[in-house]
Amino acid sequence: MPTFHRLALPALLGASLGCSQPTPTASDAGSRAAQAAERPLERRSAPTAAAAEAASLDGRVLWRGPRPVLLALATNASVQSVCGASVTENAFRVDGAGGVADVVVWVDAPAEASPAAPAGPTVVLDQRGCLYWPPVLAARAGGSLHIRNSDPLTHTVHGFMQGQTAFNVAMPLEHMQLQRPLPQEPQVLDIRCDVHPWMHAVVRTFAHSHFTTTGPDGHFRLTGLAPGEALVHVWHPRLGEASQRVQVGQAGAPIDFSFGGKP
Ligand SMILES: [Cu+2]
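Residues numbered from 1 in each chain as written. Predicted model: local features only at pLDDT ≥ 70, side-chain atom pairs only at ≥ 80, totals over all residues.

J.: Help me understand the overall build of the protein in this model?
T.: A count of helical and extended segments in the protein gives two helices and 19 strands. Counting over 263 residues, the protein shows a buried share of 41%. A sequence separation of at least 24 residues applies to 75% of the contacts in the protein between residues at least 6 apart. (Helix = DSSP H or I, 4+ residues; strand = E, 2+ residues; numbered from the N terminus. Buried ≥ 20, exposed ≤ 12 C-beta atoms within 10 Å, placed from the backbone. Contact = placed C-beta atoms within 7 Å.)

J.: Any chance you could explain the nonpolar core here in plain terms?
T.: As a rule of thumb, nonpolar side chains are buried together in soluble globular proteins. If you look at the biggest cluster of nonpolar residues, it comprises 58 residues, and the most contacted ones within it are Val 104, Val 105 and Val 203. Among the elements that take part in this core, strand β2 (residues 55-63) stands out by supplying five residues, more than any other. Here Val 203 is in contact with Leu 137, Ala 139, Leu 145, Leu 182, Leu 189 and Ile 191, once residues within four sequence places are set aside. (Core = buried A, V, L, I, M, F, W, Y, C linked by C-beta atoms within 7 Å.)

J.: Honestly, the sheet that holds strand β11 (residues 164-171) in this entry has me stumped. Any pointers?
T.: Strand-to-strand pairing in sheets goes through backbone hydrogen bonds, with the strands running parallel or antiparallel. Read from one edge of the open sheet, five strands run β8-β14-β13-β10-β11, paired in mixed fashion. The open sheet is flanked by β8 (136-140) and β11, the only strands paired with a single partner. Neighbour to neighbour, the strand axes of the sheet diverge by 20 degrees on average, direction disregarded. Where strand β10 (residues 155-161) lies against strand β13 (residues 188-192), four bridges are found, and the strand directions are antiparallel. Paired with Gly 159 across the strands is Ile 191, a residue of β13. (Pairing = 2+ DSSP bridges. Axes fitted to C-alpha atoms, helices over the stretch in contact; angles between N-to-C directions.)

J.: Is there a simple way to think about the environment of Ser 150 in this case?
T.: Here Ser 150 lies in the loop between β9 (144-149) and β10. The spatial distance from the C-alpha of Ser 150 to the C-alpha of Arg 128 is 5.1 Å, given a sequence separation of 22 residues. Every residue in contact with Ser 150, bar those within four places of it in the chain, is listed here: Asp 126, Gln 127, Arg 128 and Glu 174.

J.: It is not clear to me how the sheet that holds β2 should be interpreted in this structure. Could you clarify?
T.: The mixed open sheet is built from three strands, whose spatial order is β16-β2-β19. For this open sheet the edge positions go to β16 (219-225) and β19 (255-259), each flanked by a neighbour on one side alone. Neighbouring strand axes in the sheet, compared pairwise and without regard to direction, differ in orientation by 20 degrees on average. Here five bridges tie β2 to β19, and the two strands are oriented parallel to one another. Each residue of the ladder has a partner; that of Arg 60, found in β19, is Asp 256.

J.: Sorry if this is basic, but what is going on with the environment of Cys 130 here?
T.: Inspection of the secondary structure puts Cys 130 in the loop between β6 (123-128) and β7 (131-133). Since 23 C-beta atoms lie within 10 Å of it, Cys 130 is described here as buried. With 48 residues separating them in the primary sequence, Cys 130 and Val 82 have C-alpha atoms 8.4 Å apart.

J.: Looking at this structure, I do not really get the pairing of β2. What am I missing?
T.: On a regular strand, one side chain projects to one face of the sheet and the next to the other, so that they alternate. For β2, the tally of buried residues reaches seven of nine residues, placing the bulk of the element in the interior. Judged from the five bridges that link them, β2 and β16 form a sheet pairing that is antiparallel. Pairing of Ala 55 across the sheet is with Leu 225, part of β16.

J.: What should I look at first to understand unusual backbone geometry in this one?
T.: Phi is mostly negative for residues that are not glycine, and the peptide bonds are mostly trans. Trp 133 connects to Pro 134 through a cis peptide bond whose omega is -15 degrees. For Pro 134, the location among the structural elements is in the loop between β7 and β8. If you check the backbone angles, Asp 102 has positive phi at about 65 degrees while not being a glycine. Tracing the backbone through its elements, the reader meets Asp 102 in the loop between β4 (86-88) and β5 (104-107). Residue Asp 102 is classed as buried on the basis of its 29 C-beta neighbours within 10 Å. Of note in the backbone geometry, Gln 162 takes a positive phi value of approximately 50 degrees without being a glycine. Position of Gln 162 among the secondary structure elements: in the loop between β10 and β11.

J.: Explain the environment of Asp 102 to me, please; I cannot follow it from the model alone.
T.: Through-space distance from the C-alpha of Asp 102 to that of Val 136 is 5.5 Å; in sequence the pair is 34 residues apart. Those residues in contact with Asp 102, other than ones at most four positions away along the chain, are Arg 93, Pro 134, Pro 135, Val 136, Thr 213, Thr 214 and His 236.

J.: Would you mind showing me how to read the pairing of strand β17 (residues 228-236) here?
T.: Alignment of β5 against β17, held across four bridges, turns out to be antiparallel. Considered in β17, the bridge of Val 105 is made with Val 234. Bridge count for β17 against strand β18 (residues 240-248) is nine bridges, and the pairing is antiparallel. Note on β18: the bridge partner recorded for His 236 is Gly 240. The antiparallel hairpin formed by β17 and β18 contains three residues in its connecting segment.

Honestly, it's all geometry; don't read function into it.
Take a look at the structure:
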């Protein structure tokens, strides 16, 4: 039987989450329009005949700490007719069973020089209810970020790359849509609205397509994997990163990542 090794269950979590900073719960404001699509994975073992048969990897990311508390983020007068005096933060969404949404999941993979398919999945950032949805996205470096505005308000989408502006666009119309190119180098971009400072999202980009994000119940599924050993990573801005080495292709064996301390 394969054994899975937890390589880096973060110790920082209790400190970063549980106490001083109230965090949201599962009762978030609705479904995310654009969960990153499931993408194929890779394996690290030498190619074999079996490698041609795709496998998949299922798992969940779970929060074991104190029940997060949602913060009410004060808005400003310009949006109160649409969004109210406050909006409920969406930066850490945990459902009733502890499943954590919006966690980026990926498998180490070599950079793919595949100009025929460089864009990766369609990744959509929505501006809805004076928040960005989803608050965490995964995308292909060098691909496009699809952006839409579902609010009858002017928002801006200001992307920062290591503190420098990568793009900045105003979206003054409801239902407006556009795209912006993502930097070629893999990184974490911060997205902020210049007129509504409580709005924040992050986009983590990869030089390959072996990534996804967890759904509202914390579940993820990576498909198109070749059998073999792989190192699976999860990352969330509030949780940090953890990794597990797994055997892809073994029957069953969904993997869990637990944050927030052990009972
Ligand atoms: Cu805004």
